[in-house]
There are 2 protein chains.
Amino acid sequence: MKTGWCWRKDESVNNFKTTVGLLGCGHVGAGVARMLLVDRNFIREKMGWPLELLKIAVRNPAASRPFDFPVDLFTTDPYEIVGNKDIQVVAELIGGIELTRELVLAALRSGQHVVTANKALLAHHGREIFAVAAKNKVEVMFEAAVAGGIPIIRVMKEGLSANRIRHLFGILNGTSNYILTRMSREGLDFKTALEEAQQIGYAESDPTLDVEGQDAAHKLILLTALAYGTLPDLNNIHIEGITALTPEDIEFARELGYVVKLLAISARDETDGRLEVRLHPAMLPKTHLLAEVCGSTNAVLVSGHAVGDILLNGAGAGMMPTASSVLGDLMEVARTSRQGSAPRVPSLGWFTLNDEIPRSMSETRTTYYLRFTVADRPGVLAAIASLFAEYGISLAQVIQKSAVDSHSVPLVILTHLAQERDLKAALKVVDKLPAVTAPTRLIRVETRL
Amino acid sequence: MKTGWCWRKDESVNNFKTTVGLLGCGHVGAGVARMLLVDRNFIREKMGWPLELLKIAVRNPAASRPFDFPVDLFTTDPYEIVGNKDIQVVAELIGGIELTRELVLAALRSGQHVVTANKALLAHHGREIFAVAAKNKVEVMFEAAVAGGIPIIRVMKEGLSANRIRHLFGILNGTSNYILTRMSREGLDFKTALEEAQQIGYAESDPTLDVEGQDAAHKLILLTALAYGTLPDLNNIHIEGITALTPEDIEFARELGYVVKLLAISARDETDGRLEVRLHPAMLPKTHLLAEVCGSTNAVLVSGHAVGDILLNGAGAGMMPTASSVLGDLMEVARTSRQGSAPRVPSLGWFTLNDEIPRSMSETRTTYYLRFTVADRPGVLAAIASLFAEYGISLAQVIQKSAVDSHSVPLVILTHLAQERDLKAALKVVDKLPAVTAPTRLIRVETRL
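Residues numbered from 1 in each chain as written. Chains lettered and ligands numbered in written order. Predicted model: local features only at pLDDT ≥ 70, side-chain atom pairs only at ≥ 80, totals over all residues. Heavy atoms only, no water.

1. A closer look at the domain arrangement of chain A
Residues and elements named next belong to chain A.
No. 1: Considered domain by domain, chain A is made up of domain 1 (2–148 + 320–338), domain 2 (153–315) and domain 3 (363–445).
No. 2: Every contact between the two is made by 19 residues of domain 1 and, on the other side, 18 residues of domain 2.
No. 3: Taken together, the two surfaces of domain 1 and domain 2 that pack against each other cover about 1600 Å², and 62% of this comes from carbon and sulfur.
No. 4: Where domain 1 touches domain 2, the interface holds three salt bridges.
No. 5: The partner of Arg-154 in a salt bridge is Glu-332, and the shortest N-O contact between them spans 2.8 Å.
No. 6: Linking domain 1 with domain 2 are five residue pairs in polar contact (both at pLDDT 80 or more).
No. 7: Elements represented by at least two residues in the side of domain 1 that touches domain 2 include exactly helix 5 (119–135) and helix 12 (319–338).
No. 8: The element that contributes the greatest number of residues to the side of domain 1 that touches domain 2 is helix 5, accounting for eight residues.
No. 9: A class-by-class count of the residues in the side of domain 1 that touches domain 2 yields 10 nonpolar, four polar and five charged. (Domains from an automatic or database assignment. Contact = heavy atoms within 4.5 Å. Buried area = accessible area lost by both parts, 1.4 Å probe. Salt bridge = Lys/Arg side-chain N within 4 Å of Asp/Glu carboxyl O. Polar contact = N/O pair within 3.5 Å; in protein donor to acceptor, adjacent residues only side chain to side chain. Helix = DSSP H or I, 4+ residues; strand = E, 2+ residues; numbered from the N terminus. Nonpolar A, V, L, I, M, F, W, Y, C, P; charged D, E, K, R; others polar.)

See the structure below:
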């Protein structure tokens, strides 16, 4: 019976193996090395041939690591892996941009496939790296670079490949989502929540890349490439982190039926067909599944013209979830390369990428939550409303709150769809009104959910 | 710039095409045909070469269909597609088991790849079909057969391929989930909710396959194959639908903090390593994301040793979501077969399948919700509790409700982990006690969520 199951029983695979070298053995690298060693037999059983870890390049072989590895696996020279004809696949888990760019390009040029978890590298140098890979007919795989263990790259590249993507929303930074969850549930301010996240290891000592939105923006660039066939320049997208959010605004959002998330948005405007790519805090209806993605979890919602809405949810970071994605890529490369040398699907899923540039933020239309701090006297709302009307912005909802102190009171407004340029222009004038006593707070509201 | 993006600019693809024939043009078939025609240029742009629909085999070319198709596409002879050397891929969308088995086997034997949405066919004849495909070095793809538009097959086969699956839970039948959602939210009884589902087209006039669990069980068989490398016989798994559920039990579940779902379970028991595959109503904690999967939506939660929990959520049926999955498979077959003839990954993701047989239901250990209907007099609970103790079943929670009529009262018990055989034996005795006035209701409680 068992032989009847054999996939290719006429083909001997006894001597075949796929060889792997790792660059880096930090957090994720150690997880990948561990899986390659501990789960070796399981992987061999699944694929039919071994995935063999030959070398790990590290700065310091003697450094303390979460697991013990055979010392003879280590080398301090990455070029014992890169360009080594005995190693078919290079897993780049060093991080950073400039050194890794050189190593990755050299590996690709020497005919090695590359698997990487490095979103910053691909967001900055993706154009060059994917082009060199295509020219050399090798794979660049990066499932681990976006949303950790969630296999969103594969889903976009193949599962939903026949879909025209209407929009894609992502919660792509676990640190920010953890902080926002704590601010939302416990009323903490940003600074306190960040300190807490740092204490339990959910935020790094320099949290800038996470809380300022750069990390999520890198991932958004890659998802945009898969969705729309264009790899936008980081300078062409709006990136705004969570550092300016206050517990007051999160509480007002809750009262209005919303939750605030750091949202990555890639969408095609239904009315004019323009591409929108932006990363900023956004209010989502609190009954939506995305709003319930809490803690350090990541999620991506993809809406396609045929499939409708698909939501994926899971661990967005962490050693083993990220290693799971790296291993999935290693096994895919192993299986593909066994059949011949050329990649089956282009790295970003499109035969030819285009050079479409996303619409600038000032041209973007959305709806807004605005919190004005105004003097508690008659006529202020009327003044603001009429000024907004001059700029073509209409109000959907107004909430006048009771005074916070003797002379200022919060005034919360939800607008109808407005263009960012108009809104910002109106705010500039409003904020100069004598009755407005503090800069107005703004959070965009996502109405497509 | 644009040429720099080209995936394989040195390779002319001008004359290459992948040819497709459809068997069937019903609900899903019409959706697939429409996408192949309407989205033709989009697909060509993405892949680099066309996916060309050559023929559609139907019983009656003149039948009314949701879209107009060129009449010359139709044939009444499926063997103008099956075995036709000009057609590389056959999409089987007829449904049914016996005729389609013959057609699919003939297609595979003639070297054609097959894409199918037919879970019943694969659950019944998968062993034979996958073996014939492997022997002939062609693909059998079935993303559309499980959870409609959700790309769970691809995720299991490749994205999470390095994971040992701890357990997998699925809400895999949209009709049942719609009915349960209505019962849960509106307090409807099963019959009324079913009639409502039939009126709005969410349930068929003969709903047996859906509400008795067969349809979800077919899908569960396929997910089990991907998760554990074994394709269990339908007769070896416990299948229980939702027809016996009452609004009372759903309401008690709610009070206890649970939601009742028709749950597909494939799991490896952590304590003894045995495989469990079963499909029955189950109580889930109402705060879990799976519990919030409402209406006709499907969802799958996969827990892997490295990745942790990954949840996928989306449309589990419907013309276009299912067509989206068929098209994803057609594009994947087109891309793979362009590189050579042999499939890259075995159909079920494992180089060799095993013959592991899931543990029988009577050997399974889980926790139970039990609702006894008992005479409203002292000592009844004590009698039941001591009888349960004899069978080694301990009680976790007891709720004595007020009387429903003059002489009977519901008594709700949650047990600790117990073996199904013991529980059923105990219930057999309990139900014969004079104080027990109606058969006891049982719903299993899923504690791994």
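Right, picking up where we left off after that structure.
2. Considerations on the packing of helix 2 (residues 27–38) of chain A against helix 12 of chain A
All names here are of chain A.
No. 1: It is the contact of helix 2 with helix 12, at a shortest axis distance of 8 Å, that shows an interaxial angle of 55°. Considering the angle they form, helix 2 stands oblique to helix 12. Crossing geometry of helix 2 relative to helix 12 is assigned as right-handed. Residue-level inspection shows His-27, Val-28, Ala-30, Gly-31, Val-32, Met-35 and Leu-36 of helix 2 in contact with helix 12, the latter providing Met-319, Met-320, Thr-322, Ala-323, Ser-324, Val-326, Leu-327 and Leu-330.
No. 2: Its residues placed into classes, the contact of helix 2 with helix 12 shows 11 nonpolar, four polar and no charged. (Axes fitted to C-alpha atoms, helices over the stretch in contact; angles between N-to-C directions. Parallel < 35°, antiparallel > 145°, perpendicular 65-115°, else oblique. Left-handed = near helix turned anticlockwise from the far one by under 90°.)

3. Describing the side chain of B:Thr373
No. 1: Assignment of secondary structure puts B:Thr373 in strand 13 (residues 365–375).
No. 2: Owing to a relative accessible area of 14%, B:Thr373 belongs among the buried residues under this scheme. (Buried < 20%, exposed > 50% of the residue type's maximum accessible area, 1.4 Å probe, protein only.)

4. Comments concerning the nonpolar core
No. 1: A:Ile152, B:Ile152 and B:Leu330 are the most contacted members of the largest nonpolar core, which totals 247 residues.
No. 2: Sequence-distant contacts of A:Ile152, that is, excluding residues within four places in its chain, are made with A:Glu143, A:Val146, A:Ala147, A:Leu223, A:Val300, A:Val302 and A:Leu312.
No. 3: Judged by nonpolar contacts, the second largest core, of 26 residues, contains A:Ile171, A:Ala282, B:Ala267 and B:Leu301. (Core = buried A, V, L, I, M, F, W, Y, C linked by side-chain atoms within 4.5 Å.)

5. Considering the sheet that holds strand 3 (residues 74–75) of chain B
Residues and elements named next belong to chain B.
No. 1: Overall, parallel pairing links the six strands, which are arranged 3-2-1-4-5-6 in an open sheet. With one partner strand each, in any of the chains shown, strand 3 and strand 6 (140–141) form the two edges of the open sheet.
No. 2: Relative to strand 5 (residues 113–116), strand 4 (residues 89–92) runs parallel, the two being bridged by four bridges. Bridge pairing in strand 5 places Ala-91 opposite Val-115. (Pairing = 2+ DSSP bridges.)

6. Thoughts on helix 13 (residues 380–390) of chain B
Residues and elements named next belong to chain B.
No. 1: Of the positions making up helix 13, those classed as buried are Val-380, Ile-384, Leu-387 and Phe-388. Considered in projection along helix 13, the buried side chains sweep an arc of 100° and stay on one side of the axis. Exposed and oriented more than 90 degrees from the buried face of helix 13 are Ala-382, Ala-389 and Glu-390.
No. 2: On the buried face of helix 13, the contacting elements are strand 13, strand 14 (395–400), strand 15 (408–415), helix 14 (420–430) and strand 17 (436–445). (Arc of directions from axis to C-beta.)

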